[in-house]
Amino acid sequence: MLRYIIRRLLIAIPVVFLVILATFVLVHAMPGGPFDAVGMKAMPEHIKIVLERRYGLDKPLYEQFARYVLNIFKGDFGPMFRQPSQTVRDIIGQTFPISIQLGLMSLIVAFVLGIPIGIIAALNHNSLLDYVVTFTAVLSRSIPNIVLAPLLIYVFAVQLDWFPVAFWGAHPPFFLGFIPRLNSEFFMHAFLPVMSLGTGMAAGIARLTRAGLLEVLSSDYIRTARAKGLRERAVIVIHALKNSLIPVVTVLGPLLAALITGSFVIELMFAINGMGRRFVTSIGQREYFLQTSLVLLYGFLLIMANLLVDLMYAWFDPRIRYD
Amino acid sequence: MTPEKTLEQLTREENAEHYGQGRSPMQDAFREFRRNYIAVAGAIFIVIILLTATFAPLLSPYDFAQQNTFNNRAKPFTGYDITTDYAEENCHWYNTPLEWGCTTFIAGSDALGRDLWSRMIYGTRVSLAVAFVASGVSVVIGLTYGTIAGFAGGRVDNIMMRIVDFLYAVPTLPIIIMMTVYFKALARRGVTTGFMGTLIFLNKSTGGLLFVFVAIGALNWLGMARQARGQVLSYKEKEFVEAARAIGAKDGHIITKHLIPNIIGPLLILESMAIPGYIFTEAVLSLISLGVDPPTPSWGAMINEGYATLRSNPHLVLFPGVALTLTTLAFNFMGDGLRDAFDARLRGRK
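Residues numbered from 1 in each chain as written. Chains lettered and ligands numbered in written order. Predicted model: local features only at pLDDT ≥ 70, side-chain atom pairs only at ≥ 80, totals over all residues.

What about the overall build of chain A?
Here is step 1: For chain A, the helix and strand inventory stands at 13 helices and two strands.
Here is step 2: Its C-alpha atoms give chain A principal-axis dimensions of about 85 × 55 × 35 Å.
Here is step 3: Considering chain A as a whole, with its 323 residues, one finds that 36% of them fall into the buried category.
Here is step 4: Of all intrachain contacts in chain A linking residues separated by at least 6 positions in sequence, the fraction that spans at least 24 positions is 73%. (Helix = DSSP H or I, 4+ residues; strand = E, 2+ residues; numbered from the N terminus. Buried ≥ 20, exposed ≤ 12 C-beta atoms within 10 Å, placed from the backbone. Contact = placed C-beta atoms within 7 Å.)

Here you go:
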C-alpha cells in the first residue's frame, strides 16, 4: 500500500510540472502585460522597462520559469505586481484556508444530509417517502448553485434577515493553519454559502446511497444475515451499509472537482475572500505568478483528492488491491 | 372443418402470447420510457425549448439588444418600449401597471432597459447550443479516442490511457478559464490572420459561443473515452466480431459496422446525463464574463448582470434562474428516464 502511495505521488510530479509549465506559458502568451497602465493612463515606457527588469520579466521565458520553479522549493511563489506590499504566498495564506473551510464544511453537509436521506429512502422503497426524496434529490441536483445562491440570499438574507448577506466570518490567523474560531459569527456567515454548495452534492450522494443500498439489500449475503436471525438494524448498519457506499466513493472524485467549480461561483456571489474569487478577479490583471501558483495549488489538491478517493475505494472494497 | 395449425404456427402464437409481438429491444426501451411520465414531460419540455430557440425571432416581442434607457430595471408587466409613437404619447414611463393599448415588458427590463422576456427567449439558443454541440464534440472525440485505444490494445492502449489519466489530474475549470481569457484577449487584439484569425472570426459570428464549445468539449471527452474503451474491450472478444473477422472484414469495417453501433447507445445515454453539467459550465463562464460576448443573451450572463441589484430587482435573477433550473431539470429527468429504460432492458427485468 505504501509503495502504491509513493508511486502515485511520484507520477504526480511530472503532472504538476507540466500543468504549471502550460499555465505559465499560457499566461505569458496573453497579449499585454502587468505594467501596461497606471489606472486609466498608459504607463510611461521607461518606467515600464524599469519595473519589468525589477521583476525579471525582461529575461527569456525559460529562465523566468526555471527561477519560478526553483523559488517554489524555497517557499517563494513570486511577487504580486498590483499589490507590491504582498507576495503570492501571502495571498495564498489568506485565501487558501478560507476556501478549505468552505469546501470541507460543504462536504460534511453533503454527507451528513445525503447518506441518511438515501438510507431512509431505500428502506422505504417505493413508498411515498421514497418518491418525495427521489424527486427532491433530482430537483436540488438540477438547481445550479449560481441560481441557488442568489435565491438563498434573497430569501434568507434580504427578506428574512436571518443571515448576513456576504463575506466570511473568520479571518487569519487560523489554528493549525485552517481551523477558525467556531463562534456564532463564523457559522452565521458560513450557513448560506455552505448550503448553496452542499445541498446539490447531498442530493447526488442521497441518490447513489439509495441505489447502492437497494442493490445490496437484494443480494444473497444479506439474505444469509437475515436468515441467521440478526436484527434488522444490525443487518443494515453492519452488513449492508459499507458495501452500499462503494458507488458513493466512486463519484467522490468528480464531486471534489465540482466542489472546486462551485467554490468559484459561491465565493464570487458571497464576496468570500477565497482562492476561487481571487483567481477570477486576477484574470484580467496579468498577475502571472498568482495565476500560475493558484493553478498549481488546484492541481495539487485534485491529485491529493484523487489519491485519497482511490485509497478509500480500496478500504471500502477489499477486493481491490493496489500493488 | 378448420385447418389444423402447424406446430410452427402454434409455437409462434404461444411466443407472441408470452413475450409480446416481436418487438425489437429498441421498441421495448421506448415503451418503457413512455411509461415514465416525468421523463416524457422532460423530453416534451426540451422539445418546447428547442422550438423556442428555433423560432426565437418570431416569439420574442422585442429586439433583445434594443435599449430603452428610460425604462431600465422595470418590474415585470411594467415598462414600455419607447420606440413606438403610440407608447411615447399614451403610456406612462416607469414602473406603472399595465395599461390598455400599451405593450409592456412581460418580465420587466434589465439595467439597460432591454426586454428581459425577449432576452430569455434568445437565451435558449445559447444553452441548447452548448447542450448539444459541446456534448457532440465530447462524444466524437471521446468515442474516436476510446475506440482506437480499446481496439488497438497493447502498448498503444496503454499510452493512450496514460494520457487520459494525466489529463484527469488537470484542474479543469481554472484551465478552461485561462484558455478562454487567452482567446478573448487575442480576439480583442483583432488577430485576423492564420488559424487563430479564422477561429476568432467564427467565434464572432457565433456571438462568442465557439470558445465556450471548444473549452467545454475539449476537456470533457475523458470520461467518454474511458467508457468507450471499456465497451470496446468487452465487445471485441464477442463471437460476432470473430465471425466478421473470419469472413475477412477489415478493422475499419468491424469498428464502424459492428462495434460502434453496439456501444453508441449506452454512451449517448451517459452523455445525456452530462448535459446539465455543460449548461452549468456555460453559465459559470458567463457569470465571470468569459462566456458569450455582449449583447448576446445567455442566462448565466443575465444572472451576472442582474445579481448586482438583487435587493431591489430580484426578478432580473429570478427569471433566467428559473429558466436555467427548468432546463437542467428537464435534461436530468430525461437522462434518468433513458437510463432506466435501457438499463431495465439490459438487465432483462421490467
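Some remarks on the overall build of chain B
Here is step 1: Counting its regular elements, chain B contains 15 helices and two strands.
Here is step 2: Of all 350 residues assigned to chain B, the portion counted as buried reaches 40%.

A few points about the confidence of the model for chain B
Interpreting fine coordinate detail is not advised for predicted regions of low pLDDT.
Residue and element names in this part refer to chain B.
Here is step 1: Scored by pLDDT, chain B comes out at a mean of 78, with 82% of its residues at no less than 70.
Here is step 2: Ranking the elements of chain B by mean pLDDT puts helix H5 (residues 85-90) last with 56 and helix H3 (residues 37-54) first with 89.
Here is step 3: Here residues 94-98 is modelled with pLDDT under 50, and outside its nearest four sequence neighbours on either side it reaches eleven contacts, counting other chains as well.
Here is step 4: Here residues 345-350 scores under 50 on pLDDT; set against residues more than four positions off or in separate chains, the count is seven contacts.
Here is step 5: Both confidence scores are given for the complex: pTM 0.81, ipTM 0.81. (pLDDT = per-residue confidence, 0-100.)

So, the interface of chain A and chain B
Here is step 1: Contacts between chain A and chain B engage 40 residues on the former and 35 residues on the latter.
Here is step 2: Here the side of chain A that touches chain B is built from residues that sort into 33 nonpolar, six polar and one charged. (Nonpolar A, V, L, I, M, F, W, Y, C, P; charged D, E, K, R; others polar.)

Remarks on the nonpolar core
Here is step 1: If you look at the biggest cluster of nonpolar residues, it comprises 136 residues, and the most contacted ones within it are Ala149(A), Val265(A) and Val284(B).
Here is step 2: With 14 residues, helix H15 (residues 315-347) of chain B is the largest single contributor of residues to this core.
Here is step 3: Core analysis: the second largest hydrophobic core is formed by 13 residues, Val139(B), Trp221(B), Met224(B) and Val232(B) among them. (Core = buried A, V, L, I, M, F, W, Y, C linked by C-beta atoms within 7 Å.)

Considerations on the confidence of the model for chain A
Here is step 1: Per-residue confidence for chain A gives a mean pLDDT of 85; residues scoring 70 or more make up 99%.
Here is step 2: Averaged over each element, pLDDT in chain A is lowest for strand E1 (residues 37-38) of chain A (74) and highest for helix H3 (residues 61-73) of chain A (90).

Thoughts on unusual backbone geometry
Note: most peptide bonds trans; most residues except glycine with negative phi.
Residue and element names in this part refer to chain A.
Here is step 1: A positive phi is found at Ala271, a non-glycine position, where the angle reads about 50°.
Here is step 2: Its place among the elements puts Ala271 in the loop between helix H11 (252-269) and helix H12 (275-282).
Here is step 3: The phi dihedral of Arg286 is positive, around 55°, even though this residue is not glycine.
Here is step 4: Inspection of the secondary structure puts Arg286 in the loop between H12 and helix H13 (288-316).

Considering helix H7 (residues 184-217) of chain A
All names here are of chain A.
Here is step 1: The end-to-end C-alpha distance of H7 is 42 Å, clearly below the 50 Å that 34 residues give at a rise of 1.5 Å each.
Here is step 2: Phe191 marks where H7 bends most, by close to 40°; the proline Pro193 follows one to four residues later.
Here is step 3: By the criterion of burial, H7 is predominantly enclosed, with 24 of the 34 residues buried. (Expected span 1.5 Å × (residues − 1). Bend = angle between axes of the 7 residues up to and from the residue.)

Things to note about the packing of helix H6 (residues 116-152) of chain B against helix H10 (residues 209-219) of chain B
All names here are of chain B.
Here is step 1: Taken N-terminus to C-terminus, the directions of H6 and H10 make an angle of 40°; their axes are 9 Å apart at the nearest point. Of the possible angle classes, the one that applies to H6 and H10 is oblique. Considering only the axes of H6 and H10, their crossing is right-handed. Mapping the contact onto sequence places Val126, Ala129, Val130, Val133, Ala134, Val137 and Ser138 in H6 and Leu209, Val212, Phe213, Ile216 and Gly217 in H10. (Axes fitted to C-alpha atoms, helices over the stretch in contact; angles between N-to-C directions. Parallel < 35°, antiparallel > 145°, perpendicular 65-115°, else oblique. Left-handed = near helix turned anticlockwise from the far one by under 90°.)

Brief notes about the environment of Ala308(B)
All names here are of chain B.
Here is step 1: Looking at the secondary structure, you find Ala308 in the loop between helix H14 (299-307) and H15.
Here is step 2: Among the residues examined, Ala308 registers 11 C-beta atoms within 10 Å and is labelled exposed.
Here is step 3: C-alpha separation for the pair Ala308 and Ala111, spaced 197 residues apart in sequence, amounts to 9.8 Å.

Notes on the environment of Glu32(B)
Here is step 1: Structurally, Glu32(B) can be placed in helix H2 (residues 25-35).
Here is step 2: Counting along the chain gives 118 residues from Glu32(B) to Gly150(B), while the straight-line C-alpha distance between them is 32 Å.

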